[in-house]
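Chain residues, written in single-letter form:
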Amino acid sequence: MRIIISFRLKIFKPQQYERYGIISLFDKNKKNQGERTTDYDKLYKIKKVAASATFNPFAVLVIILNIVVKFLFLIDKINIALYEIINDIDLFIDLKRLICLNGIKKCYSDRYKYRWMMPYSKDLLECMASEIYKQYSIKMGKSKKCLVLDCDNVLWGGVLSEDGMERVYVGNSGVGRKYSDFQKFVLFMYLHGCIIALCSKNDESDIRTMLLEHNAMVLKDANISYYSCNWNNKVGNIKAIAEDLNIGLDSIVFVDDSVFEIEAIQAYLSEVKCILFEIQQLDKIYEELECFNLKHSCRLEDIALRTNTYKSDFERRKILKKVKMCYLFRNNTGSYFFTFNSSN
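Because the structure is a prediction, the values reported are computed rather than measured.

(A) The layout of surface pockets, seen in detail. Size it by volume and the largest pocket reaches roughly 1,700 Å³. Looking at the largest pocket, it is lined by 36 residues, and the ones nearest its centre are R97, E131, K134, Q135 and I138. Those elements that place two or more of their residues in the lining of the largest pocket are β2 (91-93), α5 (95-102), α8 (122-140), α10 (176-191) and α14 (282-288). Looking at the lining of the largest pocket element by element, the count peaks at eight residues for α8. Grouping the amino acids of the lining of the largest pocket by side-chain chemistry returns 17 nonpolar, eight polar and eleven charged.

In structure tokens form, the structure reads like this:
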């Protein structure tokens, strides 16, 4: 497996591009070398004109913008060409994206540049290392698998059993907009392979009605693989989720707005990663959910099939829990049939 880091170059002469042997990558359609260098010469002619022109703030600004746009486009073409020629097993690290995320001022260091010939700062190097590890984990399938969510004051504002479906906060305006945005983020995770389960102290029928009938809900019943909505303690419920989904406790991330519930899970199920939900700090929650290493492309048909399989297994287990014993009989015609004794 190779690690390929995208270009993030400073402006230098066209001959230096040729020296690094990258001309043919981003200019495949040019017929000869002369045509290739002509485009770069135009760029540097503009630069010379800008240096020698009579001072005109507007004209100089337009020229500078043209230079910046053309150069950024050049870098993007190089990166796109690199991405197209690498193999599926290679890791592609988009350095330009990392710099945009961290900010230019935080990513460059004059001290490192003149001391070790390294223009990038310690912050950017750490970010690159984290991105390499994350991409490697995605390739190797190392990731959290299941996101377990509380409902009240997590998926919507308010308590469903007390306020009713009409008076909870969710939607595209006011306080409810933040809850809708969080649901959109969860839906994005679902579409990229994350298993979504609900663990809430509510009646399951009320939760299902909310998902099916409330027009402002982004998450729907079809996106939920497992319901653990009852009045039992959440420690036992999360154990049951792990057992029924056949995943380890270390594959689960639990999100709840209650400090008590978070501390209880941390005390009894230390393998589970817990996130305290605070609606005023959504950015912090999104950062903590980066523990998921999800693939960029997933087939929606496969995701829907997996969700339906989990749901079918869940319903089957519910039926089996109500059955104490099963008998097999053969009637006079030679046919076999089952009879069940209810555990109730």
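(B) Structural context of the packing of α5 against α8. Axis separation between α5 and α8 bottoms out at 10 Å; the angle between their running directions is 125°. As the angle between them shows, α5 and α8 are arranged oblique. Judged by the twist between their axes, the crossing of α5 over α8 is right-handed. Contact residues: L95, R97, L98, I99 and N102 in α5; L124, C127, M128 and E131 in α8. Across the contact of α5 with α8, the residue classes tally to six nonpolar, one polar and two charged.

(C) Highlighting the packing of aromatic side chains. Evaluated as defined, the whole model comprises five aromatic pairs. Ring centres of F182 and F277 lie 4.9 Å apart, and the angle between their planes is 65°; this geometry places the pair in the edge-to-face category. Of this pair, F182 sits in helix α10 while F277 sits in the loop between β7 (273-276) and α14; the two residues are 95 residues apart in sequence, bridging distant segments of the chain. Both residues of the pair, F182 and F277, belong to the buried class. Arranged with centres 4.2 Å apart and planes meeting at 25°, the rings of F185 and Y286 form a pair that is stacked. One end of the pair, F185, is in helix α10; the other, Y286, is in helix α14, and 101 residues separate them in sequence. Of the aromatic side chains, those joined through ring pairs into one cluster are Y179, F182 and F277.

What counts as what
- Residues numbered from 1 in each chain as written.
- Predicted model: local features only at pLDDT ≥ 70, side-chain atom pairs only at ≥ 80, totals over all residues.
- Heavy atoms only, no water.
- 1 Å grid on protein atoms, 1.4 Å probe; cavity = no way out; pocket = protein on both sides within 12 Å on 5 of 7 lines; lining within 4 Å.
- Points joined across faces, edges and corners; volume = space filled by probe spheres on them.
- Helix = DSSP H or I, 4+ residues; strand = E, 2+ residues; numbered from the N terminus.
- Nonpolar A, V, L, I, M, F, W, Y, C, P; charged D, E, K, R; others polar.
- Axes fitted to C-alpha atoms, helices over the stretch in contact; angles between N-to-C directions.
- Parallel < 35°, antiparallel > 145°, perpendicular 65-115°, else oblique.
- Left-handed = near helix turned anticlockwise from the far one by under 90°.
- Contact = heavy atoms within 4.5 Å.
- Phe/Tyr/Trp six-rings, centres within 6.5 Å; stacked < 30°, edge-to-face > 60°.
- Buried < 20%, exposed > 50% of the residue type's maximum accessible area, 1.4 Å probe, protein only.

These figures come from the coordinates and say nothing about function on their own.
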